[in-house]
Amino acid sequence: MSGTGRRKRERLHELPVPEDVRKEIEAHLRAEEEELVRAGWDPESARAEALRRFGEVGAVQEDCERITRQTRRATRRTRGWQAIRQDVGYAVRRLARSPGFTALAVGTLALGIGANTAIFSLIDGVLLAPLPYAEPDGLVTLAEEHEGGRPGPIPWPNYQDWRARSRSLQQVALYGGGTTTVLGGTEPVRAEVAPVSEDFFPAFRATAQRGRTTLPDDHRPGAAPVAVVAHSFWRDQLAQDPDVLERSLQIYGRSLQIVGVLPEGFDFPRQAQIWVPMELLPQSDSRTAHNWSGVGRLAPGQTAADADREADALAAALAAELPADDYDAVGGVVTPLKETLTGATRTPLLVLLGASALILLIACVNLASTVLARGAARATELAVRSSLGASRARLVQQLATESMVLAAVGGGVGIGVAWVVLAAVLRYGTAFVPGLADVSLDGSVLGFTLLATVATGLLFGLFPALRLASDDLAAETRSGTRAGESPQRARTWRLLVGAEVALALLLLVGSGLLIRSFGALVSQETGVSSDGVAMAQLALDPVRYSSMPEVVAWYERLARELDDHPAIEAVGVANAYPVSGGMGNGTIQLDGDMSREAYGWYVTATAGYFAALDIPLLEGRMFDGRDHANAPHVALVSRSFAEEAWPGENPIGRQITGGGMDDHWEQPSFATVVGVVGDVRYRGLAQPAEPTFYFHLPQRPYRARTYSTVVARGVGGDASAAGQVLGTTLRALDPDLPPRIESLDTRIGDSVGQRRFVVVLLGAFAATALLLALIGLYGVVSYRVARRTREVGVRIALGAGTAAVRRLVIRDALGMVAGGLVVGVLLALALGSTLRSMLYGVASTDPLTFLLAVPVLMAGAFLATWIPARRATRVDPTSAMRAE
């Protein structure tokens with residue numbers, strides 16, 4: 001008799017506690033009364049004396065009822081734990097007798113749980129974790145809105161109006177960022193320096209770990225220049241000098257006193273290492289000079305939506321007050337800082353979380369079908385248990401316990417899998433996903449793993465347990481039939497296998513779409529030839545190179561020395577490079593007429609820049625020796641710029657100004673267009689080539705002093721040799737320059753790093769899903785073949801050939817797959833819109849992707865059924881009949 005049946009029978013004989021206690025007390029009184037009667041008391045007196053000796057019956061009865069209830073509960077708990085220990089022990093012994101199944105099940109669960117744990121750790125650390133600032137929910141980013149809903153940076157005068165008039169914001173601040181040369185540390189370095197306005201640190205409620213942050217007086221005109229450094233800069237570049245507040249740094253050609261070190265973890269703007277008062281830099285009075293990003297803190301009781309409405313109202317008021325040519329904003333954009341920082345990574349990470357959840361679901365369906373198939377072979381055992389009195393609940397408990405034991409082991413191994421996956425993700429994805437460096441398997445993630453493990457055990461274990469325990473096992477045993485041959489069970493298997501196939505196809509299509517999208521992206525023409533090109537980004541010291549002729553002379557000397565080297569084919573300098581994303585842009589005037597305008601992107605470059613990058617000349621001529629610093633200014637324009645500025649006309653000989661993007665904007669100096677060159681993608685591979693105009697660097701070197709890129713093409717396409725020569729030459733010309741040497745191919749590859757990161761992970765998940773689905777199919781088909789041994793033996797005995805038997809098994813298996821394929825295609829079509837924002841050059845319903853995914857899965861399914869099909873053809877009819 002089973003333990004559960006015995007306990008049920010025992011509980012049937014248990015009286016309710018009050019009645020049980022009442023009867024016990026009555027028995028005690030009766031015994032006392034009988035004892036007194038035998039001693040000579042009359043019955044009535046004996047009853048009274050017995051009650052007197054017993055005491056207050058009501059109080060005693062209450063105490064006894066309480067004790068009885070506690071005893072019964074303790075007994076039931078003990079029996080329950082004993083049953084659980086018994087079930088767990090039995091499950092462990094049974095799983096140990098099937099090491100192949102146990103290893104496969106644990107591995108399947110570990111992959112599913114580990115993938116989900118790793119991706120959840122990314123979600124938790126990047127999207128869910130609060131920002132590492134005081135009262136982070138009050139922080140917002142600010143931008144101006146322009147025609148077409150396009151957000152943009154904020155001009156200095158507009159910021160001053162926003163700061164003075166805003167009531168929904170406690171603080172309004174501007175910030176910028178750029179990599180420049182910094183001297184004063186252990187060695188010259190290129191560091192990210194962030195100019196910030198007066199309210200920047202108060203908005204973040206930031207305090208210094210050492211010293212202080214900037215004070216209002218530090219932002220006043222004529223104040224002594226100061227700097228605040230990041231903890232990482234103090235550690236790496238200042239050797240954690242305890243006297244750091246007595247040191248100074250040379251930035252922008254000025255000596256800045258270090259007044260504070262920020263605590264570790266403060267990282268805004270991202271990767272900033274030094275913060276300086278913005279007022280140290282000259283500010284433009286133009287309301288169309290969009291140079292700065294904005295950040296603010298909401299006033300108490302205000303929301304980002306309130307501040308956004310106020311910003312729109314302020315923009316409307318300024319538009320009414322100012323001349324139309326002086327103000328070009330149509331509104332303001334106020335966004336929670338958390339949303340701004342995570343917006344670009346939210347969709348990719350959620351897609352990865354969905355993919356990992358699908359893997360876990362496939363693993364659960366896989367194991368559910370396998371457990372159900374294995375349960376078919378246990379029909380006799382379960383029938384015997386049932387006939388001995390085991391209830392359905394007891395059978396379900398035993399079967400579910402086996403599943404939970406598997407889930408527990410799989411979850412433990414899954415933590416190890418998650419650690420490996422997360423280590424790989426952190427190694428290759430930190431540069432492309434903000435906040436990824438701080439992700440770890442912390443307590444909240446391990447709590448998620450525990451919940452996922454329990455949920456997984458219930459998902460893959462409860463359904464088979466209920467299904468198996470619901471069968472009339474005794475009837476099946478008496479009739480001599482095999483549970484594995486039950487039509488109802490066969491339909492269940494078909495549904496489970498079809499679900500696996502559908503989910504796997506969904507992941508295959510999703511990863512296929514992203515892979516094709518990535519391929520379309522990286523195959524885009526950049527407009528340059530990057531093979532063999534090395535590059536170095538520079539920032540010259542404004543003190544050492546105080547005049548523009550000195551800047552020009554230095555770059556000309558650099559170009560000569562590199563041109564003379566046998567490893568260098570061509571060399572050039574510009575203030576931008578392909579796919580950099582960082583360029584000046586704006587409205588410029590045409591043909592000497594200040595009322596004729598065009599919009600374009602600004603590059604100042606030497607003649608060698610076009611040769612080094614193989615930018616083609618389409619019309620006219622390139623820059624050459626006649627275009628020296630004192631000659632009339634000349635310009636080149638891209639094809640798209642020429643088509644927009646002078647549609648259907650010859651651009652050669654036309655004129656353009658530099659707008660507000662160089663030192664000729666106070667007194668506009670027009671340059672003559674001498675050539676048209678090919679379009680170049682400067683903002684990224686996913687962005688179209690921008691209309692671009694080029695000035696000759698010797699004539700307009702203003703931007704090249706503070707930021708420039710040297711590009712050198714190696715002879716024979718050898719970027720490594722070109723990079724070594726470039727680095728050696730730069731260090732020889734100026735030891736204080738810390739250039740970062742890399743190949744242009746590397747830089748272009750890094751520009752799509754986040755997309756590649758998502759594609760690789762999703763592709764790995766899709767491959768895992770396909771593998772799990774095929775393992776599940778193989779397991780089900782193998783068990784079905786094993787259960788149909790007699791049928792196959794009869795068919796062979798009646799003359800069926802091996803090919804016919806093989807077709808029978810494969811046809812049956814592919815029938816299960818076909819339904820899953822149909823459902824998977826429908827799901828992929830329905831959910832394709834989720835990926836739409838991540839696709840480039842590929843529709844979410846791309847027919848080729850679907851046409852490739854379906855055959856891949858069908859081919860895998862065929863292979864997964866081939867081995868069981870071959871095994872079926874080897875059945876000996878005589879042995880099969882004798883075994884029955």
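Structural data are supplied above this passage.
Residues numbered from 1 in each chain as written. Predicted model: local features only at pLDDT ≥ 70, side-chain atom pairs only at ≥ 80, totals over all residues. Heavy atoms only, no water.

With that settled, the discussion passes to the packing of aromatic side chains. Summed over the entire model, instances satisfying the criterion amount to 25 aromatic pairs. Aromatic side chains Phe 610 and Phe 623 sit 5.9 Å apart centroid to centroid with 70 degrees between the ring planes, which places their arrangement in the edge-to-face category. Remark: Phe 623 occurs in the loop between β17 (617-620) and β18 (634-638) and Phe 610 occurs in helix α17 (residues 607-613); sequence separation between them is 13 residues. Across the pair, exposure class does not vary: Phe 610 and Phe 623 are buried alike. Both rings, one in Phe 610 and one in Tyr 694, keep their centres 5.1 Å apart while their planes meet at 70 degrees; by these two values the pair is edge-to-face. Of the two residues, Phe 610 sits in helix α17 while Tyr 694 sits in strand β21 (residues 692-696), which places them 84 residues apart along the sequence. Taken as a pair, Phe 610 and Tyr 694 share a single burial class, namely buried. In textbook terms, an aromatic cluster arises when at least three aromatic residues are bridged by ring pairs, as seen for Tyr 133, Tyr 175, Phe 200, Phe 201, Phe 204, Phe 266, Phe 268 and Trp 275. (Phe/Tyr/Trp six-rings, centres within 6.5 Å; stacked < 30°, edge-to-face > 60°. Helix = DSSP H or I, 4+ residues; strand = E, 2+ residues; numbered from the N terminus. Buried < 20%, exposed > 50% of the residue type's maximum accessible area, 1.4 Å probe, protein only.)

What follows deals with the environment of Val 172. Mapped onto the secondary structure, Val 172 falls in strand β3 (residues 169-175). Accessibility expressed as a relative area gives 4% for Val 172, which makes it buried. With sequence-adjacent residues up to four places away left out, Val 172 is seen in contact with Leu 142, Tyr 159, Trp 162, Arg 163, Ser 166, Ser 197, Asp 199, Val 295 and Gly 296. (Contact = heavy atoms within 4.5 Å.)

Looking at the element boundaries, Leu 827 is found in helix α24 (residues 802-831). Using a relative accessible area of 31% as the deciding quantity, one classes Leu 827 as partly exposed. Along the chain, Leu 827 and Leu 505 lie 322 residues apart, while their C-alpha atoms are 8.9 Å from each other.

Turning to the packing of helix α16 (residues 548-563) against helix α20 (residues 719-733), a few remarks are in order. Viewed as axis vectors pointing N to C, α16 and α20 meet at an angle of 140 degrees, and their least axial separation amounts to 11 Å. In terms of their interaxial angle, α16 and α20 are classed as oblique. For the crossing formed where α16 meets α20, the hand is right-handed. Facing Trp 554, Arg 557, Leu 558, Glu 561 and Leu 562 of α16, the residues of α20 in contact are Val 725, Leu 726, Thr 729, Leu 730 and Leu 733. Considered class by class, the residues forming the contact of α16 with α20 number 7 nonpolar, 1 polar and 2 charged. (Axes fitted to C-alpha atoms, helices over the stretch in contact; angles between N-to-C directions. Parallel < 35°, antiparallel > 145°, perpendicular 65-115°, else oblique. Left-handed = near helix turned anticlockwise from the far one by under 90°. Nonpolar A, V, L, I, M, F, W, Y, C, P; charged D, E, K, R; others polar.)

Turning our eyes to something else, we now look at the pattern of salt bridges. Under the defined criterion, the tally for this structure stands at 24 salt bridges. Salt-bridge contacts for Asp 624 lead to Arg 626; the nearest nitrogen and oxygen are separated by 2.8 Å. On the accessibility criterion, Asp 624 (25% relative accessible area) is partly exposed. Salt-bridge contacts for Arg 747 lead to Glu 742; the nearest nitrogen and oxygen are separated by 2.6 Å. Using a relative accessible area of 15% as the deciding quantity, one classes Arg 747 as buried. Connected through shared salt-bridge partners, Arg 163, Glu 198, Asp 199 and Arg 220 make up one network. (Salt bridge = Lys/Arg side-chain N within 4 Å of Asp/Glu carboxyl O.)

Attention now moves to the packing of helix α6 (residues 156-165) against helix α9 (residues 304-321). For the pair α6 and α9, interaxial distance at closest approach is 11 Å and the crossing angle is 125 degrees. In this view, α6 runs oblique relative to α9, as classed from their interaxial angle. Note that α6 runs across α9; the crossing there is right-handed. Across the interface between the two elements, Asp 161, Trp 162 and Arg 165 of α6 pack against Glu 310, Ala 311, Leu 314, Ala 317, Leu 318 and Glu 321 of α9.

Take α16 next. In this model α16 runs 22 Å from its N-terminal to its C-terminal C-alpha over 16 residues, within 8% of the 22 Å that 1.5 Å per residue would give. Of the residues making up α16, those classed as buried are Met 548, Val 551, Val 552, Trp 554, Tyr 555, Leu 558 and Leu 562. In an axial view of α16, the angular spread of the buried residues amounts to 160 degrees, which keeps them on one side of the axis. Those residues of α16 that are buried are in contact with β13 (533-538), β14 (568-574), α19 (702-706), β22 (708-714) and α20. (Expected span 1.5 Å × (residues − 1). Arc of directions from axis to C-beta.)

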